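What follows is each chain in one-letter form.
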Amino acid sequence: MEERMEHEEASPAVRKRVQDSFDLQGLMSHLGARLSHIGSGLVHIVLPARPEVTQQHGYVHAGATSAIADSAGGYAALTLFDEDSEVLTVEYKINLLAPAAGDHLEAIGTVLKPGRTLTVCQLEVYGVRADGTRKLVANGQQTLIRVNRPAA
């Protein structure tokens, strides 16, 4: 099996491009999610647990959990591409391993295999309590396609 990529800090230009793109996402804004780390091939997104993102039992809804996982993987891939490229999700599979509980969720997208056209990412979501205790609540895999940035 191939070794996992080394993850260095993304350049300031890449961090700005990712943050600017993230800021355009209405869903992430609506959910209250924010970027907490932008590395090369590695992105973390934090989602505070609040009533607006829960399901009927009080856990963070699977839709919100999946959305931050999908975005974390997409932005992890974007960190590796030039400024004329964008990414779109082709498919993803997520396993919900435990109820999404905690003070916040943290989604981590990690590029496993970058490609000229298709890129594969690992997705992990942790429930994080105020004392720092972390529990893996979801994991998955995602395939993204690199596309040219649309003309303005």
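Here, the structure is the one placed above.
Before going into details, it helps to say that this report is about the structure given with it. One numbering rule holds for all chains: residues counted from 1, following each sequence as written. For a predicted model such as this one, the threshold for reporting local features is a pLDDT of at least 70, and the threshold for listing and counting side-chain atom pairs is 80 or more; totals across whole chains, interfaces and linings nevertheless cover every residue. Excluded from the side-chain calculations are hydrogens and water; all other atoms, namely the structure's heavy atoms, are used.

Observations concerning the overall build of the chain
Okay, step 1: Strands here mean DSSP runs of E at least two residues long; helices mean DSSP runs of H or I at least four residues long; both are numbered from the N terminus. Looking only at helices and strands, the chain features three helices and six strands.
Okay, step 2: For the chain, the succession of helices and strands along the chain, N to C, is α-α-β-β-α-β-β-β-β.
Okay, step 3: Taken over C-alpha atoms, the radius of gyration is set against a globule rule of 2.2 Å times the number of residues to the power 0.38. A compact globule built from 152 residues should have a C-alpha radius of gyration of about 15 Å, and the chain, at 15 Å, falls within 12% of that.
Okay, step 4: The buried share among the 152 residues of the chain stands at 43%.
Okay, step 5: Taking the contacts inside the chain whose residues are at least 6 apart along the sequence as the reference set, 65% of them involve residues at least 24 apart.
Okay, step 6: Summing over all exposed atoms, the chain offers an accessible surface of approximately 8,300 Å²; the carbon and sulfur share of this is 52%.
Okay, step 7: Counting 14 positive and 18 negative side-chain charges, the chain places the centres of these two groups 3 Å from one another. Residue burial is assigned from relative accessible area. The probe radius is 1.4 Å, only protein chains are included, and a residue is buried under 20% of its type maximum, exposed over 50%, and partly exposed in between. For this analysis, residues touch if any pair of their heavy atoms sits within 4.5 Å. Per-residue and other accessible areas were derived by the Shrake-Rupley procedure at a 1.4 Å probe size, with only the shown protein chains allowed to occlude residues. Within this scheme the basic residues Lys and Arg register as positive and the acidic residues Asp and Glu register as negative, but His and the chain ends are omitted. One atom stands in for each charge, and that atom is NZ of Lys, CZ of Arg, CG of Asp or CD of Glu.

Description of helix H3 (residues 62-78)
Okay, step 1: Working rule for helices: expected span equals 1.5 Å times residues minus one. Here H3 is 17 residues long and its end C-alpha atoms lie 24 Å apart, about the 24 Å a rise of 1.5 Å per residue gives.
Okay, step 2: Judged by how many residues are buried, H3 sits mostly within the fold: 14 of 17 residues are covered.

Focus on the sheet that holds strand E3 (residues 85-96)
Okay, step 1: Pairing is antiparallel across the open sheet formed by six strands, whose spatial order is E1-E2-E4-E5-E6-E3. The open sheet has two edge strands with one neighbour each: strand E1 (34-39) and E3. Each strand of the sheet is rotated relative to its neighbour by a mean of 20 degrees, with strand direction disregarded.
Okay, step 2: Across nine bridges, strand E4 (residues 104-113) lies against strand E5 (residues 118-128) in antiparallel orientation. Paired with valine 111 across the two strands is cysteine 121, which belongs to E5. Paired strands, in this sense, are two strands between which DSSP finds at least two bridges. Simply put, an axis is a line fit to the C-alpha atoms, just over the touching stretch for a helix, and the angle between two N-to-C directions goes from 0 to 180 degrees.

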